[in-house]
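Read off the chains here:
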Amino acid sequence: MGKLNAAAVTKIEEICDRYKDEKTPLMMILSDIQNEYGYIPLEVQELVSEKTGISVAEIYGVVTFYSFFSLTPKGKYVIGCCLGTACYVKGAQQVIDRFSELLHIKPGETTEDGLFTLDALRCIGACGIAPAVSINGKVYPKMTVPQVNEVIASYRSNEEKEVTA
Ligand code: FES
């Protein structure tokens, strides 16, 4: 988003106004902004603070606490590796390490080409199919290290097809 342009300021003010009668509007405001722009940088948090009177510290705390919110733009494909207990005991650490190695990024980072973001998640409620990985909401059950290679290769080849189509 960079420096906020007039259209973004108007849009964010409009989102804040949408919930002005709510007792605790912050989560709703931030969710709408996240959905609209894909991330919530500091200058947006400052604007929300000015509009709502909620301190920047509180807003920053919420944005950084929930993995759904992001301070930086996310990649086209957001890979969420569950590191909850059930997934962990079934090898989730090796799975996320393999994603890291293949993509050359650490959890919380995005690849330079903007294609992949890697996130470490707490339990996503799919313990029966541990270790679980979610990519843009699609859940991959019982993920193994060799499957990580296949999944990344298939996303990359789809991407190449899109580019050359
Ligand atoms: S611990 Fe991974 S889905 Fe529950």
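Everything below is about the structure printed above this text.
The residue count restarts for each chain, going from 1 along the sequence in the order it is written. Since the coordinates come from a predicted model, pLDDT governs what is reported: local features require at least 70, and pairs of side-chain atoms require 80 or more to be given and counted, while whole-chain, interface and lining totals use all residues.

Enquirer: Now, about the overall build of the protein: what can you tell me, with residues and values included?
Expert: By definition, any uninterrupted DSSP run of H or I lasting at least four residues is a helix, any uninterrupted run of E lasting at least two residues is a strand, and each is numbered from the N terminus. Along the backbone of the protein there are 7 helices and 4 strands. Seen in sequence order, the protein has helices and strands lined up from the N terminus as α-α-α-α-β-α-α-β-β-β-α. With respect to the three principal axes, the spread of C-alpha positions in the protein is 50 × 40 × 20 Å. Counts of 20 or more other C-beta atoms within 10 Å of a residue's own C-beta define buried residues, counts of 12 or fewer define exposed ones, and intermediate counts define partly exposed ones; C-beta atoms are placed from the backbone. Across the 165 residues in the protein, those meeting the buried criterion constitute 22%. A pair of residues counts as a contact when their C-beta atoms, built from backbone coordinates, are separated by no more than 7 Å. Within the protein, residue pairs in contact and separated by at least 24 positions form 61% of the contacts whose partners lie at least 6 positions apart.

Enquirer: Please provide a residue-by-residue account of the packing of helix H6 (residues 92–103) against helix H7 (residues 145–164), values included.
Expert: Every axis in this analysis is a line fitted to C-alpha atoms, fitted for helices over the stretch in contact. Angles between the N-to-C directions lie between 0 and 180 degrees. Between H6 and H7, the least distance of the axes is 9 Å, while the angle of their chain directions is 40 degrees. In terms of their interaxial angle, H6 and H7 are classed as oblique. The interaxial crossing formed by H6 with H7 has right-handed handedness. Residues Gln 94, Val 95, Arg 98, Phe 99 and Leu 102 of H6 lie in contact with H7, whose contacting residues are Val 145, Val 148, Asn 149 and Ile 152. Across the contact of H6 with H7, the residue classes break down as 6 nonpolar, 2 polar and 1 charged. Any angle from 65 to 115 degrees is called roughly perpendicular, while one under 35 is roughly parallel, one over 145 is roughly antiparallel, and all others are oblique. Definitions for this section: a left-handed crossing has its near helix turned counterclockwise from the far helix by less than a right angle. A right-handed crossing has that turn clockwise. Under the scheme applied, nonpolar residues are Ala, Val, Leu, Ile, Met, Phe, Trp, Tyr, Cys and Pro; charged residues are Asp, Glu, Lys and Arg; polar residues are all the others, including Gly.

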